[in-house]
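Results of the structural survey
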Amino acid sequence: MIYLFLTHDPPGLNHERNYQRKFSQRRNELVEGIREKGIGDEQVLMAIQAVPRHLFMDTALERKAYEDTALPISCGQTISQPFTVAAQTELLEVKKGSKILEIGTGSGYQAAILCHMGAEVYSVERHEFLYQNAKKLLSTLGYRATLKLGDGTVGWSAYAPYDGIVVTAGAPVVPEDLIGQLKIGGMLVVPVGSQKSQQMIRVIRESEESFREEKLQNFKFVPLIGEKGWG
Ligand code: SAH
């Protein structure tokens, strides 16, 4: 009897292992899909392979977690499509120790990806419920991001300047305060346009006074709401 207990896992544990294996398999497929869509940065792909996206949403949506789509979270917001997260992260050119500011913590998934890549992460969210949830989840998973509740359209001057700033909501214009919080050589990645569709813009700070702007693909984000956003 005792022998049996020592050699067989309880059925619950087996079930849990299969469950995790299934998610890991789906993440592999997701990574391959994102690679085919044009993401080549292996560090980004490895982070998507590693971070359990299904934990960043309601359990009722778990089975969709590794489809390449945006999904609803609370407060009428969304967790971005994995391809979008990968594209924005690739544009940031994150290195180990890069200091990155994210505007729009939402579920905390993008922040987790950045932490996994070894960045020092700061993130601002305007909805208290999302801020509290993300704070709890990131800490439970061992991702050390510094979060703040507030209006991110004005950046987070206390920790500036940053190597990279990523805005995960759609802005009407490039938020000026954010470019002022970039290091020289630093980059701001921000979707800019109407509330229906935005073009991804990357602004690179070349010197104290000069900035280069690159215009990239179109995306669809929830609106950036705040002093320097949509009212
Ligand atoms: N990066 C998130 C995506 C969330 S959607 C993720 O990985 O899940 C965009 C988020 O931006 C929403 O949670 C929304 O509440 C937040 N947001 C919109 N305007 C903001 C502002 N001015 N400051 C901070 N957060 C803002």
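Up top is the structure these notes are about.
So, a few notes on the structure that sits alongside this text.

Structural notes on the overall build of the protein chain
Scanning the protein chain from terminus to terminus reveals 7 helices and 9 strands. Relative to a compact globule of 231 residues, whose C-alpha radius of gyration would be 17 Å, the protein chain shows 19 Å and is just as compact. By its C-alpha atoms, the protein chain is 75 × 35 × 35 Å across when sized along the principal axes. A total of 231 residues make up the protein chain; the buried ones form 46% of that total. Split by element, the accessible area of the protein chain, about 11,600 Å² in all, is 53% carbon and sulfur. With 26 positive and 27 negative side-chain charges, the protein chain shows a separation of 4 Å between the mean positions of the two kinds.

Let's talk about helix 4 (residues 82–92)
Along an α-helix, residues three or four apart share an orientation, since each turn contains 3.6 residues. Here helix 4 lies mainly inside the structure; 10 of its 11 residues are buried. Regarding helix 4, the residues found buried are P82, F83, T84, V85, A86, A87, Q88, T89, L91 and L92. A positive backbone phi angle near 50° is found at E93, which sits one or two residues after helix 4.

Points about the pairing of strand 9 (residues 211–219)
Strand direction decides the pairing type here: strand 8 (residues 198–205) and strand 9, joined by 7 bridges, are antiparallel. When the sheet's bridge partners are listed, Q198 is paired in strand 9 with F219. Hairpin connection between strand 8 and strand 9: a loop of 5 residues separates the two successive antiparallel strands.

Cut-offs applied
- Residues numbered from 1 in each chain as written.
- Predicted model: local features only at pLDDT ≥ 70, side-chain atom pairs only at ≥ 80, totals over all residues.
- Heavy atoms only, no water.
- Helix = DSSP H or I, 4+ residues; strand = E, 2+ residues; numbered from the N terminus.
- Rg over C-alpha atoms; globule rule 2.2 N^0.38 Å.
- Buried < 20%, exposed > 50% of the residue type's maximum accessible area, 1.4 Å probe, protein only.
- Areas by Shrake-Rupley, 256 points an atom, 1.4 Å probe, with all protein chains shown as cover.
- Lys, Arg positive; Asp, Glu negative; His and termini not counted.
- Charge placed at Lys NZ, Arg CZ, Asp CG, Glu CD.
- Pairing = 2+ DSSP bridges.

Purely geometric numbers; function is a separate question.
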